[in-house]
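Per-entry structural report
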Amino acid sequence: MIEIKNLHKSFGGHEILKGIDLSVDKSEVVVVIGPSGSGKSTLLRCVNYLEVPTSGTIVIDDVVITPKVNINTIRAEVGMVFQHFNLFPHMSVIDNITLAPIKVRKKSVAEAKKEAMELLDRVGLAEKANAYPEQLSGGQQQRVAIARALAMKPKVMLFDEPTSALDPEMVNEVLDVMRDLAESGMTMMCVTHEMGFAKQVADVVLFVDDGKILEKASPDEIFTHPKNKRTQEFLSKIL
Amino acid sequence: MDFDLILNSLPLLGIGALVTIEITAVAVTCGVLIGLFVGIAELSRYKALRLPAKVYVDFIRGTPLLVQIFIIYFALPTVLGMRIEPFIAAVTACSINSGAYVAEIFRSGIQSIDKGQTEAGRSLGLTWSQTMRDIIIPQAFRRIIPQLGNEFIAMLKDSSLVSVIGFEELTRKGQLIIASTYGSLEIWTAVAVIYLVMTLSISQLVAFLEKKFNGKKVK
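Criteria and thresholds
- Residues numbered from 1 in each chain as written.
- Chains lettered and ligands numbered in written order.
- Predicted model: local features only at pLDDT ≥ 70, side-chain atom pairs only at ≥ 80, totals over all residues.
- Heavy atoms only, no water.
- Helix = DSSP H or I, 4+ residues; strand = E, 2+ residues; numbered from the N terminus.
- Rg over C-alpha atoms; globule rule 2.2 N^0.38 Å.
- Buried < 20%, exposed > 50% of the residue type's maximum accessible area, 1.4 Å probe, protein only.
- Areas by Shrake-Rupley, 256 points an atom, 1.4 Å probe, with all protein chains shown as cover.
- Lys, Arg positive; Asp, Glu negative; His and termini not counted.
- Charge placed at Lys NZ, Arg CZ, Asp CG, Glu CD.
- Phe/Tyr/Trp six-rings, centres within 6.5 Å; stacked < 30°, edge-to-face > 60°.
- Lys NZ or Arg CZ within 6 Å of the ring centre and 35° of its normal.
- Salt bridge = Lys/Arg side-chain N within 4 Å of Asp/Glu carboxyl O.
- Contact = heavy atoms within 4.5 Å.
- Buried area = accessible area lost by both parts, 1.4 Å probe.
- Polar contact = N/O pair within 3.5 Å; in protein donor to acceptor, adjacent residues only side chain to side chain.
- Nonpolar A, V, L, I, M, F, W, Y, C, P; charged D, E, K, R; others polar.
- 1 Å grid on protein atoms, 1.4 Å probe; cavity = no way out; pocket = protein on both sides within 12 Å on 5 of 7 lines; lining within 4 Å.
- Points joined across faces, edges and corners; volume = space filled by probe spheres on them.

A word on the overall build of chain A
Each helix and strand in chain A was counted, giving nine helices and ten strands. Taking 2.2 N^0.38 as the reference for a compact globule, 239 residues should give roughly 18 Å; the C-alpha atoms of chain A span a radius of gyration of 18 Å, in line with that estimate. On the principal axes, the C-alpha backbone points of chain A span a range of 55 × 45 × 30 Å. By residue count, 57% of the 239 residues in chain A fall in the buried class. As displayed, chain A offers around 10100 Å² of accessible surface, 49% of which is attributable to carbon and sulfur atoms. Of the charged side chains in chain A, 28 are positive and 32 negative; the average position of the first set lies 5 Å away from that of the second.

Quick look at the structure:
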């Protein structure tokens, strides 16, 4: 589903990603862990070209992504959930969700609304359809943001630290939605600090540090027998 | 103070005030349209759009409105070889002037919107222009209502400058009445009070709009 080869990304001469190779299969859940500033968010953001890679290739669903292909059509297939939700504050919850299906997928308003209501029901927020983002808690906002991304029926979902900005008591409601999504067969890449979630849901855990994938293993292996010394140090600090 | 003179002059001054409102409304409306496009151009990736926008804004903001009025009313006709009506000259000068200030208001308003909003829009597959139109501009617009109100007030006062080309707005009407009645004190006081009433009314209107729009956003 996703093939990344020798991906490099520099910001003003400073190299953040130093050659990433990664392949993600359909329905696979990949969790990316690592210290702050290691490049894990940048890796995720390169996948849908919110950051343009300095070099390397990214293939999503057999389409090679270059600046020449219509990036909007690819982004429509790749859902993204942000740390700070980034809901549109001037729109109601339902309008947040239906905007892209109507504008990009050219759906009728009625059809988009019907699907949006189904998604809201799925994330347990059907009664908030006409609320505005500011009236929702952080956890509710993030669940709406997930519904908004799902409304495009993406082939892949990217999660960039989706629970890092949440109060502790709201983390689980978001993780529950993500767990359901993983069980439904969605292909997912998640950057997260929630090791419990990684253990339970991930098929593969990547440890990224200093712009490289230092270790790639099943959650069982990486959490019980990390091979790389830096992985060991990192896990000993947070577990 | 001759109050009868003021009372007798009120109908004429009232007409002048309406003309002042008319020219201000037209100028600021055109200014908002110009300013929206120039403000977006200033933020463009393309230098071919950025550069002319910046030259326009710098030129207008760096020169007096009075000189701009003279250029359009006196200098431009010598190039075009035709006379420009005072109303057209006045509205054109004020619109072009207002556009530059509004452009800066829009530019800073757009820049004040969190980058995450653009990223969220683009990540959903919306194009740059869809993201601007449906996500960024509506939020920026709500945020800049107070500055647009200030621009409206500033333009209402500055429009008195077009009296120098004989365009009969409020200030010019005052001058004309004084020329035949010599009631400087009465008329200029009355003119000042009329301007004050208009600017205070606009402040109230802007405060109301601000409340209405921001109320809608939250609730």
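Text resumes after the structure shown.
Quick notes on unusual backbone geometry
Residue and element names in this part refer to chain A. Despite not being glycine, Asp-62 has its phi angle at roughly 70 degrees, a positive value. Relative to the helices and strands, Asp-62 is located in the loop between strand 4 (55-60) and strand 5 (63-65). For Asp-62, a relative accessible area of 73% translates into the label exposed. For Phe-85, which is not a glycine, the phi torsion comes out positive at approximately 65 degrees. Here Phe-85 shows up in the loop between strand 6 (78-81) and helix 3 (93-103). For Phe-85, a relative accessible area of 11% gives the class buried.

Some remarks on the packing of aromatic side chains
Here the structure, examined in full by the defined rule, presents five aromatic pairs over all chains. Centre to centre, the rings of Tyr-73 of chain B and Phe-74 of chain B are 4.9 Å apart; their planes meet at 70 degrees, and the pair counts as edge-to-face. We classify Phe-74 of chain B as partly exposed; its relative accessible area is 47%. Here a set of aromatic residues connected by ring pairs shows up, and it is made of Phe-70, Tyr-73 and Phe-74 of chain B. Stacked on the ring of Phe-88 of chain A, the Lys or Arg Arg-148 of chain A has its end atom at 4.4 Å from the ring centre.

Remarks on the pattern of salt bridges
Residues and elements named next belong to chain A. Considering all chains together, one arrives at 24 salt bridges over all chains under this definition. A salt bridge links Lys-155 to Asp-61; the shortest N-O distance between them is 2.8 Å. One end of the pair, Lys-155, is in the loop between helix 5 (138-150) and strand 7 (156-160); the other, Asp-61, is in the loop between strand 4 and strand 5, and 94 residues separate them in sequence. Assessed through its relative accessible area of 30%, Asp-61 is described here as partly exposed. Glu-118 serves as the salt-bridge partner of Lys-114, at 3.5 Å between the closest nitrogen and oxygen.

Re the interface of chain B and chain A
By convention, interface size is frequently given as the accessible area that disappears when the constituent parts associate. Listed per partner, the contact involves 24 residues of chain B and 26 residues of chain A. Taken over both partners, the interface formed by chain B and chain A buries close to 2100 Å², and the fraction arising from carbon and sulfur atoms is 57%. For the interface between chain B and chain A, the tally reads two salt bridges. Notably, a salt bridge pairs Glu-119 of chain B with Arg-45 of chain A, separated by 2.6 Å at the nearest N-O pair. Viewed at the interface, chain A and chain B are joined by six residue pairs in polar contact (both at pLDDT 80 or more). Sorting the residues of the side of chain B that touches chain A by element identifies helix 5 (115-123), helix 6 (128-158) and helix 8 (184-218) of chain B as the ones contributing at least two each. Element by element, the count of residues in the side of chain B that touches chain A is highest for helix 5 of chain B, at eight residues. Along the lines of polarity and charge, the residues of the side of chain B that touches chain A split into six nonpolar, eight polar and ten charged.

Some thoughts on the layout of surface pockets
Of the pockets and cavities examined, the largest pocket occupies roughly 920 Å³. In terms of lining residues, the largest pocket is bounded by 26 residues, among which Arg-45, Lys-115, Thr-118, Arg-122 and Trp-128 of chain B are the most central. Breaking the lining of the largest pocket down by element, the ones donating at least two residues are helix 2 (71-75) of chain A together with helix 4 (86-111), helix 5 and helix 6 of chain B. In terms of residue class, the lining of the largest pocket is made up of twelve nonpolar, six polar and eight charged. Size it by volume and the second largest pocket reaches roughly 410 Å³. Every residue lining the second largest pocket is counted, 17 residues in all, and those nearest its centre are Leu-148, Phe-152, Leu-205, Val-206 and Leu-209 of chain B. Looking at the lining of the second largest pocket, the elements that each hand over two or more residues are helix 1 (3-42), helix 6 and helix 8 of chain B. No other element matches the seven residues that helix 8 of chain B contributes to the lining of the second largest pocket. Here the lining of the second largest pocket is built from residues that sort into 14 nonpolar, three polar and no charged.

Brief notes about empty space enclosed by the protein
All names here are of chain A. Tallied over the full model, the rule gives one cavity of 30 Å³ or more. Size it by volume and the largest cavity reaches roughly 70 Å³. Together, Leu-119, Arg-122, Val-123, Ala-147, Leu-150, Val-177, Asp-180 and Leu-181 line the largest cavity. When residues of the lining of the largest cavity are traced back to their parent elements, those giving at least two are helix 4 (109-122), helix 5 and helix 6 (168-183). Top contributing element to the lining of the largest cavity by residue count: helix 6, with three residues. A per-class count over the lining of the largest cavity returns six nonpolar, no polar and two charged.

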